[in-house]
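# Report on the structure
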Amino acid sequence: MATDLRPAYADIDQELFDVDQIPMTSRDVRSVGEMLFDVDYLARQLLMDVGGDDAGTLLRSWPTMVAAAEDLWASLPGRRPGVDERDRPITSLSAQAATIKSSLSGRKAWPGQGPTNPRVDQMTQTLLNAAALVRRYGAEIPHEQTEAHRDLEAARTRIMHGLYLTAHAVNVALHDNGRDRVTDARESGRRVQLAQHHSPYAVAPTGVWVDRMSACENTARSYLTDRFPHALTGEAIRRVDDPGRLAQALANWDIQSHRALARHLAPANVLLITRTQALIAGASMVLVNAAATAGVLEPSERLVPAIADAGRSWSNLASRWGDLAPPGARLDERLARAAAAVRAAYRHITHDTTTLTTPEAIATRPELPKATMATLRAIEAGSELAHVVAEKADTPNLTGPARALSRRAHNDVESGLVTPPADGDVVWVSPADILARRAVRVPQPVRETLRSASTATATAASTAAASAMLAHSNCPSHRPGGRSTTAHAHDAHVTSALSPQHGVPPRKPPSSIDRSAPVGPLR
């Protein structure tokens, strides 16, 4: 053809690298270090939420998670041939998990065949993704250097700490399951033999599993003793100037959360949405304070308190939707990945290695202005999302686990959150349903408090959105002819071989597009 289309393609290419464009991607753009931190985060969340009904699903998921962790451990560079002393704990833990998997295979007695735990499965997949990334780029890691060696040791410590927290969560669930069995037996007039070790509630059939999981937990703990805080000081974080990362993560989160809510209602998805909105509120307060320190945002007496109130409301609503999520409920995969990307993007700005950094330090980071605008837009969008979530509280025939709903109903009545019934104490959930661990319809007190909590969240989110909109419009960089004069000094950080930024490359202005071969994420 006579017409040369290359200029047209060049124009499109130029737009793709525009700093104001937000390319959407479904890929996991987190580094290995961020993946390991997220495993730690998910394990801590699991430990806070675990209950007796989760014991079976957690036990079934445990061997697979250990196998994924061992796979990542083996993929780390710098391993010496033969048996390495530092590898013995993970090898021992893998052997213990393998025997548990063998015992569960084909078993008809408790816990029997059934679903696995979605949170542990998410951690397992994250470990597998990290292992694949290390295998792809591990050859480029200069593991003989001191900095890289310390970073590798920090990675091993994070892997083992995630396993330790998860093993402890399984043990807590087993003990809670035993307590529920003892309570049910006493209420029905049956005698039960209490255990003499670990705790009185390590009763049959959970007692044998308490013994075996305690052995796994002790193996992980022995590796971490006197090692965890010291090893993590050597963790290297690669600072990458990508001003659009948070904006991209939040935009994708907004899309995926609306898509999940538009589909069939799943309380587990609503729980993740409300928790992530609470996390956005908490991280936004940190960024707003840093932006005020840097002069990017004008100080406001209303903004931070409004965001804090919205965050508390989202957290309260999340606890109520958590009662409706059945054990083993699956999360929407894209929603879970989008939430993980939001957590990683915020942490990239607000944290220095393992700790929350100071507002003065955040103020020096070059991505702060765009991140502040992105988080204010997310607070604004949270108002509309709160109304969508509030509609789900009116969904007919909502159901949830009998035991959790029974406790919530009685607690709400006793705390005065709902009007107590005129005929005195009411059994809101049948003891037979609790004993059989059935899913039951949401009792009236729980439905009323869920609706009131949803309304309060929508109100608080609207107030925060109005304050964020006002702060956004008063931002110096958004005024006509205005421009932020903050100088962004950026300290050099140790480049982490285990923290490759393998997602979208740092965006450059159109005038400085580098059309050379793409650079590997480990460089």
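None of the values given here were measured: they were computed from a predicted structure.

Reading guide: rules and limits
Throughout, residues of each chain are indexed from 1 in the direction in which the sequence is written. In view of the model being predicted, local features appear only for residues whose pLDDT reaches at least 70, and side-chain atom pairs are presented and counted only at 80 or more, with totals across whole chains, interfaces and linings using the full set of residues. Side-chain calculation: all heavy atoms of the structure are included, whereas hydrogens and water are not. When a carboxyl oxygen of Asp or Glu lies within 4 Å of a side-chain nitrogen of Lys or Arg, that pair is called a salt bridge. The criterion for an aromatic pair is that two Phe, Tyr or Trp rings (for Trp, the six-membered ring) have centres within 6.5 Å, with stacked assigned to planes under 30 degrees apart, edge-to-face to planes over 60 apart and tilted to the rest. When the NZ atom of lysine or the CZ atom of arginine is within 6 Å of a ring's centre and also within 35 degrees of its normal, the charge is said to sit over that ring. By the criteria applied, helices consist of DSSP H or I runs no shorter than four residues and strands consist of E runs no shorter than two, each listed in order from the N terminus. Whether a residue is buried, partly exposed or exposed follows from its accessible area with a 1.4 Å probe, protein chains only, as a fraction of its type maximum: under 20%, in between, or over 50%, in that order. When checking whether two residues touch, look at their non-hydrogen atoms; a contact exists if any pair is within 4.5 Å. Every axis corresponds to a line fitted to the C-alpha atoms, with the helix fit spanning only the stretch in contact, and the corresponding angles, defined between N-to-C directions, vary from 0 to 180 degrees. Roughly parallel here means an angle under 35 degrees, roughly antiparallel means over 145, roughly perpendicular means 65 to 115, and every remaining angle is called oblique. The hand of a helix crossing depends on one turn: near helix anticlockwise from the far one by less than a right angle means left-handed, and clockwise means right-handed. Residue polarity follows a fixed list, in which Ala, Val, Leu, Ile, Met, Phe, Trp, Tyr, Cys and Pro are nonpolar, Asp, Glu, Lys and Arg are charged, and the others, Gly among them, are polar.

For the coordinates displayed, the defined rule picks out 22 salt bridges. If you follow the salt bridges from partner to partner, you end up with Asp180, Asp184, Arg403 and Arg407 in one network.

Our focus in this paragraph is the packing of aromatic side chains. In the structure shown here, the tally under the stated rule is 1 aromatic pair. The residue whose ring lies beneath Arg227 is Tyr223, and the NZ or CZ to ring-centre distance is 4.0 Å.

Among the secondary structure elements, Gly400 is positioned in strand E3 (residues 399–401). When its relative accessible area of 3% is taken as the criterion, Gly400 is described as buried. Linking Gly400 and Trp321, residues 79 residues apart in sequence, is a C-alpha distance of 9.3 Å. In contact with Gly400, other than residues within four places in its own chain, are Asp323, Leu324, Leu405, Arg438, Ala439 and Val440.

Their axes nearest at 9 Å, the elements helix H3 (residues 55–75) and helix H5 (residues 118–137) cross at an angle of 15°. Between H3 and H5, the angle falls in the class roughly parallel. Here the hand of the crossing between H3 and H5 comes out left-handed. Where H3 abuts H5, its residues Leu58, Ser61, Thr64, Met65, Ala68, Ala69, Asp71, Leu72 and Ser75 lie against Val120, Asp121, Met123, Thr124, Leu127, Leu128, Ala130, Ala131, Val134 and Arg135. Partitioned by chemical class, the residues of the contact of H3 with H5 number 12 nonpolar, 4 polar and 3 charged.

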